[in-house]
Amino acid sequence: MDKATILVVDDTPENIDILVGILSSDYKIRVAIDGPKALALAQKSMPDIILLDVMMPGMNGYEVCQRLKQDPLTCHIPVIFVTALAETADETQGFALGAVDYITKPVSAPVVQARVKTHLALYDQKRLLEQQVKERTKELEETRFEIIRRLGRAAEYKDNETGLHVVRMSHYARLLAIQSGLPDKYCELIYNAAPMHDIGKIGTPDSILKKPAKLDEPEWDEMQRHAEIGAEIIGDHQDPLLEMARRIALSHHEKWDGSGYPFGVSGQDIPIEGRIVAIADVFDALTSIRPYKKAWTVADTMALIESESGKHFDPELVEHFKQIVDEVTKIRDKHHET
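Residues numbered from 1 in each chain as written. Predicted model: local features only at pLDDT ≥ 70, side-chain atom pairs only at ≥ 80, totals over all residues. Heavy atoms only, no water.

**Quick word on the packing of helix H7 (residues 184-193) against helix H11 (residues 240-251)**
Where H7 meets H11, the axes come as close as 9 Å, and the angle between the chain directions of the two elements is 60 degrees. Once H7 is placed against H11, the crossing between them reads as right-handed. Residues Tyr186, Leu189, Ile190, Asn192 and Ala193 of H7 pack against Pro240, Leu241, Met244, Ala245 and Ile248 of H11. Within the contact of H7 with H11, the residues separate by chemical class into 9 nonpolar, 1 polar and no charged. (Axes fitted to C-alpha atoms, helices over the stretch in contact; angles between N-to-C directions. Helix = DSSP H or I, 4+ residues; strand = E, 2+ residues; numbered from the N terminus. Left-handed = near helix turned anticlockwise from the far one by under 90°. Contact = heavy atoms within 4.5 Å. Nonpolar A, V, L, I, M, F, W, Y, C, P; charged D, E, K, R; others polar.)

Following this line, the structure appears as C-alpha cells:
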C-alpha cells in the first residue's frame, strides 16, 4: 500500500527537521517554507494532509488555510495547525477557517504521530464513503435512465414492431445538440429525455395508431392528444430530466411557423429540445417502415427536411443536421429494424 503524503509548512528549517524526523519513516514528506510555496505544492500534487505553521512572514498560516479551503481542488485536504500560539482564541480562529486539529509547539512525537494517524484514517474513511455514494448515485441514475428508455419503448411498441425508434432518435437528438454547440450536460440530458417524447401514445387507441390508411378528422384530433397525454403521464417534477422529458412531449409536434400542435406556438417560443427532437423524430419516422408507408431514402428525407426549413423546422437546426447526416445514417444502420 502506498504511503500517505504529508505537506509540512514552516518558515523555520529546524521545525521542519523535527516533524520530518517524527514522520518520515511512515509517510512521504513534502516541505514548503512559506505560504505561496505551500499553495503551489498543494495544487500541483495534492497531499493527504497538511501540517501548517501559523506564524510565518508574508502570508501567515491562517491565510494559507483560508485559501486552501476556498479552492475546490484543495478544500477537502485536512489541515492541522502546528504552532506556538496556544490561546483559546487562536484555536477557535483555526477551527473556524476549517482546520481539523491544533498541535502546540514544542511538539511531542507521540502526539504528532497519533493526531496524523487519526486524521488520515478519518480522511480515508470520508473518501471511501464519498466514492461509495458517488457509485450508488451513478447506479440510481443509470436505473432511472433505463426505466425512462423502457417506458419510451413501451409506447413505441404500439405502432412499431421493435421499439427501436426511440433508440435511434435519441442518438440523433444528442448528435444534433452537440453540433448546435449546446453544453455536454444538456446533450446527455436530451439523449436520456428524448425516448419519452411519444409516451402519450399509450393513451391512443390501436385502431388509430395502426390504421394503414389516412386518418379522418376525428381520428387526427385524437392522435394529436398524445402530446398532452404524455405531459400528464410524466407530470410536474423538479428533476431536470423529467422536466425536459415533459417539455419534449408537449413541444416536439409544434412547428417553426406556428402551424403545429398542441398549442400552435412558433419560432424560439418552442423549447429548443422540442425543436431538436422534431427533426430527429421526423427523420427516423420517414426512413423507417410504418404500417402506412415504406421507408424513405435518406436523400428524399433530407430533401423534405430542407424544404420544411423555416416552416416545420428551425432553419438553423436544419443546417446543423445537414452537417451530421452521415453520422445519423450510421446510427440508423446500426439500430435498423429486423
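**Describing unusual backbone geometry**
In terms of backbone geometry, most residues other than glycine have negative phi values and most peptide bonds are trans. Omega for the bond connecting lysine 105 with proline 106 falls within 30 degrees of zero, at -5 degrees, which places this linkage in the cis form. Mapped onto the elements of the fold, proline 106 is located in the loop between strand S5 (101-104) and helix H5 (109-156). The step from tyrosine 261 to proline 262 runs through a cis peptide bond, and the omega angle for that step is 15 degrees. In this fold, proline 262 is placed in the loop between H11 and helix H12 (272-286).

**With respect to the sheet that holds strand S2 (residues 28-32)**
Read across the sheet, 5 strands follow the order S2-S1-S3-S4-S5 without closing on themselves; strand pairing throughout is parallel. The open sheet has two free edges, formed respectively by S2 and S5, since each of these has just one partner strand. The sheet shows a mean angle of 20 degrees between the axes of neighbouring strands, direction not considered. Both strand S1 (residues 5-9) and strand S3 (residues 49-52) contribute to a ladder of 4 bridges, which runs parallel. (Pairing = 2+ DSSP bridges.)

**A word on the packing of aromatic side chains**
What the rule picks out here adds up to 6 aromatic pairs. With 5.3 Å between their ring centres and 75 degrees between their planes, tyrosine 62 and phenylalanine 81 make a pair best called edge-to-face. Linking tyrosine 62 in helix H3 (residues 61-70) with phenylalanine 81 in strand S4 (residues 79-83), this pair joins segments that are 19 residues apart in sequence. For tyrosine 62, a relative accessible area of 9% puts it in the buried group. Its relative accessible area of 0% is what places phenylalanine 81 among the buried residues. Ring geometry for phenylalanine 283 and phenylalanine 321: centres 5.4 Å apart, planes at 65 degrees, overall edge-to-face. Placement of phenylalanine 283 in helix H12 and of phenylalanine 321 in helix H14 (residues 315-334) is noted, with a sequence separation of 38 residues between them. (Phe/Tyr/Trp six-rings, centres within 6.5 Å; stacked < 30°, edge-to-face > 60°. Buried < 20%, exposed > 50% of the residue type's maximum accessible area, 1.4 Å probe, protein only.)

**With respect to helix H2 (residues 35-44)**
If you check which residues of H2 are buried, you get Gly35, Ala38, Leu39 and Ala42. Looking down the long axis of H2, one finds its buried residues gathered within 100 degrees of arc, a one-sided arrangement. The distance from a side-chain oxygen at the start of H2 to the backbone nitrogen of lysine 37 is 2.9 Å, and the residue carrying that oxygen is aspartate 34. (Arc of directions from axis to C-beta. Polar contact = N/O pair within 3.5 Å; in protein donor to acceptor, adjacent residues only side chain to side chain.)

**Notes on the environment of leucine 250**
Structurally, leucine 250 is set in helix H11. Along the primary structure leucine 250 and proline 110 are separated by 140 residues, whereas in three dimensions their C-alpha atoms are 67 Å apart. In this structure, leucine 250 is in contact with Ala227, Glu228, Ala231, Tyr261, Pro262 and Phe263, ignoring residues within four places of it in sequence.

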